[in-house]
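Geometric and topological summary
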Amino acid sequence: MKRKPRLGIQGPVVAWQDPWGKEASDSVMRTGTGSVCPSQDPRPEPQAFIRALQELQADFYVHHALPGMQGYKELLEDVAGAGLDICLGNEYGNINGPWVEGTNRYDLPDDALAQAAASGRCIGLLYDEPEHLQINAAQYRKDGWFPHWGLTDGETLERSRLGVESAVRGRVRHVGDAMNRAGRNPGAMPLISEQVFPTSFHTYARAGMELCPKIMKESFQSLQLSTALGAAKQYGRNMWICADLWGPDTGAWFTRFHGFPGHSPEEFASALRMGYWMGPSHLFVENADVLLRSTGEGFTKTEFGEVWLEFVKSYVPGHPLRWHHSQADPDIVIIHSDDSNYGQNERLFGNRSSDQESIARSQSVFTIWHLLSRGRIPAYGSCMHIPGYDFPRHELKREVSIERFPLEKGYIGSGRKPIHPLLYPVHNVLVYDGYVTGRQLGRPKLIMAGGSDLSDATFQALRQKAEDGAVVVIADWLLPKDCPADVRISGAKGLGQWLVTDDFLSENVREAVQPFLGDADCWMQRFGKEEVRMYARNEDGSELDFEIRST
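Residues numbered from 1 in each chain as written. Predicted model: local features only at pLDDT ≥ 70, side-chain atom pairs only at ≥ 80, totals over all residues. Heavy atoms only, no water.

1. So, the overall build of the protein
To keep things clear, this is the line we draw: Strands here are runs of E lasting at least two residues and helices are runs of H or I lasting at least four, both read from the DSSP assignment and numbered beginning at the N terminus. Between the two quantities, the radius of gyration covers C-alpha atoms and the globule rule is 2.2 Å times the number of residues to the power 0.38. Each residue gets one of three labels from its accessible area relative to the maximum for its type: buried under 20%, exposed over 50%, partly exposed in between, using a 1.4 Å probe on protein chains only. When checking whether two residues touch, look at their non-hydrogen atoms; a contact exists if any pair is within 4.5 Å. Here, Shrake-Rupley sampling with a 1.4 Å probe gives the accessible areas, and only protein chains in the shown set may cover a residue. Counted as positive: Lys and Arg. Counted as negative: Asp and Glu. His and the chain ends are not counted at all. Taken as the charge centre is NZ of Lys, CZ of Arg, CG of Asp or CD of Glu, depending on the residue.
What the protein contains, in helices and strands, is 17 helices and 19 strands. Scaling as 2.2 N^0.38, a compact globule of 551 residues should have a C-alpha radius of gyration of about 24 Å, and the protein matches this with 23 Å. Along the three orthogonal principal directions, the C-alpha set of the protein runs to about 75 × 50 × 50 Å. Buried positions account for 62% of the 551 residues belonging to the protein. For the protein, the share of sequence-separated contacts (at least 6 apart) that also reach a separation of at least 24 residues comes to 75%. Summed over all atoms, the accessible surface of the protein reaches about 20,100 Å², with 47% contributed by carbon and sulfur. Considering the protein, the positive charge centre built from 57 side chains and the negative charge centre built from 71 side chains are found 4 Å apart.

2. Some remarks on helix α13 (residues 364-372)
By the criterion of burial, α13 is predominantly enclosed, with 8 of the 9 residues buried. Buried residues in α13 make contact with α8 (221-235), β11 (332-336), α12 (356-362), β12 (429-432), β13 (446-450) and α17 (507-513). Where α13 terminates, the next one or two residues include R374, which has phi positive at roughly 55°.

3. Structural notes on the layout of surface pockets
Filter applied, for reference: Cavity means a closed set of points on a 1 Å grid over the protein atoms alone, one where a 1.4 Å probe fits but cannot get out, pocket means an open set with protein on both sides within 12 Å along at least 5 of 7 lines, and lining means a residue has an atom within 4 Å of a point. Grid points are joined across faces, edges and corners, and a volume is the space filled by probe spheres set on the points. Any residue outside Ala, Val, Leu, Ile, Met, Phe, Trp, Tyr, Cys, Pro, Asp, Glu, Lys and Arg is labelled polar, Gly included; the first ten of those are nonpolar and the last four are charged.
Estimated volume of the largest pocket: approximately 730 Å³. Contributing to the lining of the largest pocket are 33 residues, with G32, T33, Q139, K217 and R393 lying nearest its centre. Looking at the lining of the largest pocket, the element that brings in the most residues is helix α14 (residues 392-399), giving 3 residues. Considered class by class, the residues forming the lining of the largest pocket number 8 nonpolar, 13 polar and 12 charged. In this structure, the second largest pocket occupies an estimated 280 Å³ of space.

4. Examining empty space enclosed by the protein
In total, this model carries 6 cavities of 30 Å³ or more according to the counting rule given. Reported here for the largest cavity is a volume of approximately 140 Å³. Taken together, 18 residues line the largest cavity, and the ones lying closest to its centre are P198, T199, H336, N341 and V365. For the lining of the largest cavity, the leading source of residues is α13, giving 3 residues. The class makeup of the residues in the lining of the largest cavity is 6 nonpolar, 10 polar and 2 charged.

The following block contains the structure:
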């Protein structure tokens, strides 16, 4: 069976006023950078913008809802009239308010939910970086500490996690009830968690959200996607992918703003293909104003627009997809409690009183990824928002004033090389949380269990997997206090091995894991009987070659 993800484009953030909200869009901060960026291009009329989306062969449009809902009724009518679907995002409200009481979160008002449901064309509500805004609650709202899903201070890590899960579940239920009242399928307008950090995917999926990992951005791609794939598979959720053009680098390419785009056209082309081969349900690009220039008399495509058009018109039709992300079948499984630590080592799930033991144990997953990537991924964090990464875009911000944007030929500056590659080779890894069952685990060859805690049922499943032939490496603090003495001893267990450790980078763990690491130059992900193999096309790994093998 051939599958095709639904392809979409997210609206502009700096280039031109919202076609429906008009001048009202200049009254709100439209980026999360803390900088007000005046519109750069003439505002297009709604129909001209819709024609541009159609020419780029978008199946759906991701719209930044203005907090005042200006132009909202006309937006829904125009999009539906053009035969497009729409996904409504909450980013502008998160940045500017109004916020749900006690949080930094913007929710679409109930009357707007009803209108979206009645249109029959709204396919989702996109929640922008909810994991980030739960952990880093002061990112936008400065008048106090108001995490995205509610306060967790003073709670244990487990209760913090469960509190966030409960709040998310409540909002999912609220939107489902609104769909019921509109006579629609409650699942037809899901909440989607669009994430820059590879944390909380499992918590949000468990609570009922669909998942949307950002690729490119500042992510270690294999870590980001293996984590999202595992969460989507474990909890039976759709996985969307956002090809996010914001990023760390600069170069001789059309540039709207510092970090926008922070990836080359060549990296963008490879990232679109990488995302496609993961078998997502939806794939969209952030944002339209990198792909297009508004001239006042229509649109012209940038080099990034040409990349997108080649992808949708040539690459996708010429490379049929034969699997879905839910068919991901790992050789290696990482199990870790969803601790919401990406390397900041504080404020787990927004809890400013997070205990040091939980924080220390949560860091074990970083060392697991370091080991499985042969040292390519750092042992102290899971994305580039950690010490040791100095982004070239910071130089652009210092040296070029806002009034000079856009830069038609980009910015070279001191000539620093880009720091963001796509390739971090690992061998067919999926990530599950501490509630995964034996059935869900399948038949991996290697299981690495870290994080701060583990459910009793999952612990028993791990013992059985070792008996059945897997190599299981488990942190010693995850063993139940009343477990039999032989469980605390490393060695052969049935047909497999059981290795207890307090250090995933110790020599005996390295020796046990070595046979499963695969090709040092290849990132492989298997879906059913098909293997996606990715290799570096250029020296820094920002461009990829793809090989599809049937096993």
